[in-house]
Amino acid sequence: MLGHNSFSWAIREGDRAAFFVKAKKSSATITRDRISVCGLSFSGTKLIGRPYGRHEIMGIELIVLPALPRDLMEHIKRGPQVILPWDASTIIFYADIRAGKTIIEAGSGSGSLTIALASSVRPDGRVISVDIKSSNTEIARRNVRKAGLSDRVVFHTGDVKNPQKIENLLSSHKLEGADTVVLDIPDPWKAVESVKALLKIGGVFAAYLPTMNQVERLRKEIEGWDKASSDFVDVFTMETLRREIVVRPGAVRPDYSMLGHTGYLTFARKV
Ligand SMILES: C[S@@+](CC[C@H](N)C(=O)[O-])C[C@H]1O[C@@H](n2cnc3c(N)ncnc32)[C@H](O)[C@@H]1O
């Protein structure tokens, strides 16, 4: 054990941990079985009960830290296209997702956004995660379980455009409407009536869409371009671009490569 201080605490069986060996990074659940991370394979009993921080395994320095939500999102098994941590973090702040809130999400997909939402509503909030395809519900459920967040998420296989089933689900959990509805489905404009039925007054509607053509159709629907009035205010669309900075002595510059596009985020508040 190298250099521990009084602020470190014990690694427990069942914890989700992030592992670092030089530039390699991974995450895994702490078990008594073998843990294989960053090219090392060792018994979890070597870590259980010892403090988080620096350890030596087979002569190699292994840093073990409690996993952050973004570690858990990075290492999920992917099915449908995922929402990445920088878009998720924008959703978390602009859609006011925090402890105690009730969030409805569709679709569950791979459960990447579900992990960010569930981490943010802990310890007493809820995420109702809806997907039309049962195979995707199962992928998301597995990833959320591996992230140790199952107690915050209720999965439902169904169409988010049919709010009745979701309303029943809310009342069976003694929840009175949603504080936020987040949609990552191809045609959210068709779900606007459902969103209205599920959201509390003042609740936030957020949608993630890969193309501007889809954004235009959604904005037409939520702002009621062909109607006298709209049930939403404070409507805006934005994009989050993440450009990493390479920092080397005497050579600090943006990375040459960058993911140029993920999705557009549209937010609105129900009146
Ligand atoms: C791109 S994926 C969502 C990915 C997810 N946000 C993540 O971060 O892992 C879109 C999902 O929406 C689901 N979907 C499409 N239309 C839907 C609908 N009307 N109701 C519920 N889910 C729907 C699809 O089955 C698919 O799993």
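Note that this is a predicted model, so its numbers are computed, not measured.

Caption draft 1: Quick peek at the packing of aromatic side chains. Inspection of every chain in the model, using the stated rule, returns six aromatic pairs. Their ring planes at 85 degrees and their centres at 5.8 Å tell us that Phe-93 and Tyr-94 sit as a pair that is edge-to-face. Between Tyr-94 and Phe-236, the aromatic rings sit 5.7 Å apart at their centres with planes inclined by 65 degrees, giving edge-to-face as the arrangement. Remark: Phe-236 occurs in strand 12 (residues 232-239) and Tyr-94 occurs in helix 2 (residues 85-94); sequence separation between them is 142 residues. Assessed through its relative accessible area of 25%, Phe-236 is described here as partly exposed. Here a set of aromatic residues connected by ring pairs shows up, and it is made of Phe-93, Tyr-94, Phe-236 and Phe-267. Cation over ring: Arg-253 sits above Tyr-256, and NZ or CZ is 4.0 Å from the ring centre.

Caption draft 2: Expanded view of the layout of surface pockets. What the largest pocket holds in volume is close to 600 Å³. As for the largest pocket, its lining consists of 33 residues, and the residues nearest its centre are Pro-80, Gly-107, Asp-184, Ile-185 and Pro-186. Counting residues per element, the ones that place at least two in the lining of the largest pocket are strand 7 (102-106), helix 3 (112-121) and strand 8 (126-131). Class assignment for the residues of the lining of the largest pocket results in 14 nonpolar, twelve polar and seven charged.

Caption draft 3: Broad picture of a nonpolar patch on the surface. A grouping of Ile-245, Val-247 and Val-252 is seen on the molecular surface, where their side chains present a nonpolar patch of about 290 Å² in accessible area. Summarising the element assignment, Val-252 is placed in strand 14 (residues 251-254).

Calculation rules
- Residues numbered from 1 in each chain as written.
- Predicted model: local features only at pLDDT ≥ 70, side-chain atom pairs only at ≥ 80, totals over all residues.
- Heavy atoms only, no water.
- Phe/Tyr/Trp six-rings, centres within 6.5 Å; stacked < 30°, edge-to-face > 60°.
- Helix = DSSP H or I, 4+ residues; strand = E, 2+ residues; numbered from the N terminus.
- Buried < 20%, exposed > 50% of the residue type's maximum accessible area, 1.4 Å probe, protein only.
- Lys NZ or Arg CZ within 6 Å of the ring centre and 35° of its normal.
- 1 Å grid on protein atoms, 1.4 Å probe; cavity = no way out; pocket = protein on both sides within 12 Å on 5 of 7 lines; lining within 4 Å.
- Points joined across faces, edges and corners; volume = space filled by probe spheres on them.
- Nonpolar A, V, L, I, M, F, W, Y, C, P; charged D, E, K, R; others polar.
- Patch = residues over 30% accessible without salt bridge, like charges linked within 9 Å, V, L, I, M, F, W, Y side chains within 5 Å.
- Areas by Shrake-Rupley, 256 points an atom, 1.4 Å probe, with all protein chains shown as cover.
- Salt bridge = Lys/Arg side-chain N within 4 Å of Asp/Glu carboxyl O.

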